[in-house]
Amino acid sequence: MDRDTYRSLIGQFATGVTVVTTNVDGRLHGMTANAVCSLSLEPLQLLVCVDRESNCYRQMQRAEAFGLSILACDQEEISNAFARTTAPAAGSLLGVAFRQGRLGEPLIENALAHLECRMAERIEGGGHIVVIGEGVAGDRVRDAGPLVFFGGR
């Protein structure tokens, strides 16, 4: 199978949209991610796939923790902002409102929910790194429909 066929087929699998955030030495970074999955309930773990070519990859290599903000259907603009390649910035998160989590990572304001994870493991896989985080805190922020990624949109 070729790459285009694979992308077309896997694009038929609807996924939620999140923003994964880090704080490394005061430099904040966020990345839109839909390759996110609950991994285990014992221990509480989730995984995120991060492209090796992204700025987030370099951040995740050094981060001790990360945040996961699950976006609502009215937050497509936020998703688009973090889908672009940007460098980490000191104290700023692309002008998007956030609060700082218990572990120091930024969490997007008004998302559906937040999860705060301590870095547990990093596994190299193809052109990505699979980051496994141990859930240490979280909260449901509001009730709304989820932002969904389907068919490349």
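Residues numbered from 1 in each chain as written. Predicted model: local features only at pLDDT ≥ 70, side-chain atom pairs only at ≥ 80, totals over all residues. Heavy atoms only, no water.

Draft legend 1. Seen up close, the nonpolar core. If you look at the biggest cluster of nonpolar residues, it comprises 17 residues, and the most contacted ones within it are V20, M31, V48, V50, M60, F66 and V131. With sequence-adjacent residues up to four places away left out, V48 is seen in contact with V20, M31, A33, A35, V36, F66, I129, V130 and V131. Listed in part, the ten residues of the second largest apolar core include V17, L93, V96 and I108. (Core = buried A, V, L, I, M, F, W, Y, C linked by side-chain atoms within 4.5 Å. Buried < 20%, exposed > 50% of the residue type's maximum accessible area, 1.4 Å probe, protein only. Contact = heavy atoms within 4.5 Å.)

Draft legend 2. Local environment of the environment of E105. For E105, the location among the structural elements is in the loop between strand 8 (98-100) and strand 9 (106-108). A relative accessible area of 1% means that E105 is categorised as buried. Between the C-alpha atom of E105 and that of G30, which follows or precedes it by 75 residues, the distance is 9.9 Å. What E105 contacts, discounting residues up to four positions off in sequence, is T21, N23, F66, G67, R99, Q100 and E116. Polar contacts involving the side chain of E105 include one to the main-chain amide nitrogen of L103, which spans 3.3 Å. (Helix = DSSP H or I, 4+ residues; strand = E, 2+ residues; numbered from the N terminus. Polar contact = N/O pair within 3.5 Å; in protein donor to acceptor, adjacent residues only side chain to side chain.)

Draft legend 3. Main features of the sheet that holds strand 3 (residues 27-33). Taken in spatial order, the eight strands of this open sheet run 4-5-11-10-6-2-3-7, and their pairing is antiparallel. Each of the sheet's edge strands pairs with one partner strand only, and the pair in question is strand 4 (36-41) and strand 7 (89-90). Here strand 6 (residues 65-70) runs beside strand 10 (residues 113-125); their pairing, made up of six bridges, is antiparallel. If you follow I70 over to strand 10, its bridge partner there is A113. Along the sheet, helix 2 (residues 55-62) contacts strand 2 (18-24), strand 3, strand 5 (44-51), strand 6, strand 10 and strand 11 (128-140); its crossing angle with strand 10, the most-contacted strand, is approximately 90 degrees. Along the sheet, helix 3 (residues 76-83) contacts strand 2 and strand 3; its crossing angle with strand 3, the most-contacted strand, is approximately 115 degrees. (Pairing = 2+ DSSP bridges. Axes fitted to C-alpha atoms, helices over the stretch in contact; angles between N-to-C directions.)

Draft legend 4. Local environment of helix 3. Of the residues making up helix 3, those classed as buried are I78, S79, A81 and F82. Looking straight down helix 3, one finds that the buried residues subtend no more than 160 degrees of arc, so they occupy a single side. Opposite the buried face of helix 3, by more than 90 degrees, sit the exposed residues E77 and A83. Where helix 3 is buried, its residues touch strand 2, strand 3 and strand 9. (Arc of directions from axis to C-beta.)

Draft legend 5. Inspection of the environment of H29 at higher detail. Mapped onto the elements, H29 comes out in strand 3. Contact partners of H29, with chain neighbours within four places excluded, come to V20, T21, T22, N55, C56, Q59, T86, A87, P88 and L93.

Draft legend 6. The pattern of salt bridges, seen in detail. Enumeration over the complete set of coordinates arrives at five salt bridges. For the salt bridge of R142 with D74, the shortest nitrogen-to-oxygen distance reads 2.6 Å. With R142 in the loop between strand 11 and strand 12 (148-149) and D74 in the loop between strand 6 and helix 3, this residue pair connects regions lying 68 residues apart in the sequence. Look at R142 and you get buried, because its relative accessible area is 19%. Between D143 and R140 there is a salt bridge whose closest N-O contact spans 2.6 Å. Among the residues examined, D143 registers a relative accessible area of 63% and is labelled exposed. (Salt bridge = Lys/Arg side-chain N within 4 Å of Asp/Glu carboxyl O.)

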